[in-house]
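Topology and contacts: notes
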Amino acid sequence: DAKTTQPTSMDCAEGRAANLPCNHSTISGNEYVYWYRQIHSQGPQYIIHGLKNNETNEMASLIITEDRKSSTLILPQATLRDTAVYYCIVRAFDQTGANNLFFGTGTRLTVIP
Amino acid sequence: NAGVTQTPKFQVLKTGQSMTLQCAQDMNHEYMSWYRQDPGMGLRLIHYSVGAGITDQGEVPNGYNVSRSTTEDFPLRLLSAAPSQTSVYFCASSRGKRNRETQYFGPGTRLLVL
């Protein structure tokens, strides 16, 4: 699975969009980009995933560059409850069904009132 | 649905003691896994299972055993606890085979080994 690079920490003003970058320059054609977040002391929570097209759901948007070497998670209007560690994970489809995730250290997002 | 449940929430062990961390899910998920998270670190995969009767090792399997006799349950056993196993343990599950599926995580078990 491709390695990812994320900033260690970021701040965002409440009500503003939070843009969290992720570099995955060694990504392969069959690897998906996943985002999870972990609010203090809780289990990680799935946010969104994509292959090459931009994706949007009720929580966030995922923008993947055309060369797929980087992506950005966008939280459109950050709230205090979005303060968490955000993990960008890249992995390929596994025929055996082993849905294993390999977490880095993520980006600690702090939403400021 | 209760989702993924873990017991106990918190446990203190002495070095050399054994214990079993329980994990259960009521979503009929084929895939289940155990992760550990040390302070300031991301989660690391210990063991996983793609279905009842099938288990395999992850990144950090040493010191841990698992079994999967039913679809619902995936217990993690520490045979002889060591201080290095002090960590927060998370169980996760997802629908299997189509592994682009969302993973659901339990609330975690905080283990302190003295």
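The structure contained in this document is the topic of the report that follows. Note that the structure is predicted; figures quoted are calculated from it, not measured.

1. Thoughts on the sheet that holds strand S8 (residues 84-92) of chain A
Residue and element names in this part refer to chain A.
- Spatially, S1-S9-S8-S3-S4 is the arrangement adopted by the five strands of the open sheet, whose pairing is mixed. Edge strands, defined here as strands with exactly one partner in the open sheet, are strand S1 (9-13) and strand S4 (45-50). Direction aside, the axes of adjacent strands within the sheet are offset by 25° on average.
- In the sheet, S1 pairs with strand S9 (residues 107-112) via five bridges, with the strands oriented parallel. Counted as the bridge partner of Ala13 is Ile112 from S9.

2. Looking at the interface of chain B and chain A
- Counting residues at the interface gives 24 residues for chain B, matched by 25 residues for chain A.
- Roughly 2000 Å² of surface becomes buried between chain B and chain A when both sides are summed, with 50% attributable to carbon and sulfur atoms.
- The interface formed by chain B and chain A contains zero salt bridges.
- Our enumeration of links across chain B and chain A arrives at six residue pairs in polar contact (both at pLDDT 80 or more).
- When residues of the side of chain B that touches chain A are traced back to their parent elements, those giving at least two are strand S4 (31-37), strand S5 (43-51) and strand S9 (87-94) of chain B.
- The element contributing the most residues to the side of chain B that touches chain A is S5(B), with four residues.

3. Things to note about the sheet that holds strand S3 (residues 19-25) of chain B
All names here are of chain B.
- If you trace the four strands from one edge of the open sheet to the other, you get S1-S3-S8-S7, paired in antiparallel fashion. The two strands at the open ends of the sheet, each matched to only one other strand, are strand S1 (4-7) and strand S7 (64-66). When the angles between neighbouring strand axes are averaged without regard to direction, this sheet yields 20°.
- Inspection of the sheet shows S7 paired to strand S8 (residues 76-78) by three bridges, in the antiparallel sense. Residue pairing for S8: Asn65 is matched across the bridge by Arg77.

Reading guide: rules and limits
- Residues numbered from 1 in each chain as written.
- Chains lettered and ligands numbered in written order.
- Predicted model: local features only at pLDDT ≥ 70, side-chain atom pairs only at ≥ 80, totals over all residues.
- Heavy atoms only, no water.
- Pairing = 2+ DSSP bridges.
- Helix = DSSP H or I, 4+ residues; strand = E, 2+ residues; numbered from the N terminus.
- Axes fitted to C-alpha atoms, helices over the stretch in contact; angles between N-to-C directions.
- Contact = heavy atoms within 4.5 Å.
- Buried area = accessible area lost by both parts, 1.4 Å probe.
- Salt bridge = Lys/Arg side-chain N within 4 Å of Asp/Glu carboxyl O.
- Polar contact = N/O pair within 3.5 Å; in protein donor to acceptor, adjacent residues only side chain to side chain.

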